[in-house]
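Tertiary structure, described
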Amino acid sequence: MDAFGMNTGGASAFIMLNSAGRYIALAIALIFGIGVFRSFFSILTALLAKLGMDVLDLIVGLKTEIIADFTGVIQSFLMFLLPNIISIWLLIRFKNKSTP
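The shown structure was predicted, so the numbers you read here are calculated from the model rather than taken from an experiment.

1. Topic: the nonpolar core
The biggest cluster of nonpolar side chains holds ten residues, and these are F40, I43, L44, L47, L51, L58, I67, L81, I88 and L91. Looking at this core, the elements that each hand over two or more residues are helix 2 (40-63) and helix 3 (70-98). Looking at which element gives the most residues to this core, the answer is helix 2, with six residues. The contacts of I67, once residues within four sequence positions are left out, are L58, G61, L62, G72 and V73.

2. Things to note about the packing of aromatic side chains
For the structure on display, the rule yields two aromatic pairs. The interplanar angle of 35° and the centroid separation of 6.1 Å between the aromatic rings of F32 and F37 together place this pair among those described as tilted. Classification of F32 as partly exposed rests on a relative accessible area of 41%. What makes F37 exposed here is its relative accessible area of 56%. Residue placement shows R22 over the ring face of Y23; its charged tip is 5.9 Å from the ring centre. The cationic tip of R93 hangs over the ring face of F94; the distance from NZ or CZ to the ring centre is 5.5 Å.

3. Some thoughts on a nonpolar patch on the surface
On the surface, F70, I74, F77, L78, M79, F80 and I85 cluster together into a nonpolar patch covering about 680 Å² of accessible area. Of note, M79 is situated in helix 3. Residue class for M79 comes out partly exposed when judged on its relative accessible area of 47%.

4. Remarks on the pattern of salt bridges
Pairing is possible between side chains that carry opposite charge, provided their charged atoms lie close to one another. For the structure on display, the rule yields two salt bridges. When the shortest N-O distance is used, the salt bridge between K50 and D54 registers 2.8 Å. Separated by four residues within a single helix, K50 and D54 lie in helix 2, roughly one turn from each other. Of the two residues, K50 and D54, both sit in the buried class.

Cut-off values and rules
- Residues numbered from 1 in each chain as written.
- Predicted model: local features only at pLDDT ≥ 70, side-chain atom pairs only at ≥ 80, totals over all residues.
- Heavy atoms only, no water.
- Core = buried A, V, L, I, M, F, W, Y, C linked by side-chain atoms within 4.5 Å.
- Buried < 20%, exposed > 50% of the residue type's maximum accessible area, 1.4 Å probe, protein only.
- Helix = DSSP H or I, 4+ residues; strand = E, 2+ residues; numbered from the N terminus.
- Contact = heavy atoms within 4.5 Å.
- Phe/Tyr/Trp six-rings, centres within 6.5 Å; stacked < 30°, edge-to-face > 60°.
- Lys NZ or Arg CZ within 6 Å of the ring centre and 35° of its normal.
- Patch = residues over 30% accessible without salt bridge, like charges linked within 9 Å, V, L, I, M, F, W, Y side chains within 5 Å.
- Areas by Shrake-Rupley, 256 points an atom, 1.4 Å probe, with all protein chains shown as cover.
- Salt bridge = Lys/Arg side-chain N within 4 Å of Asp/Glu carboxyl O.

Printed below as a string of structure tokens:
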């Protein structure tokens, strides 16, 4: 984090493995929820898990001051939260249109 002017003391192995484990679990949930099972609720669960993780990442970023200004919040919203919200909205919208 020296490039950002922050002294974090270096990342511990626990933090690196924890982050890797979270993203691997999320990838498995997305692959199985969207690609394998392909039911409305499995896709919705995978997208909600992704949205929940992105919201928690934003909260942690704000608390640790890695995201320190309004620009960082907007960037997180545009890159992560908005696409998730649009995906969930489209899923629900087209589910409702496809049912007679």
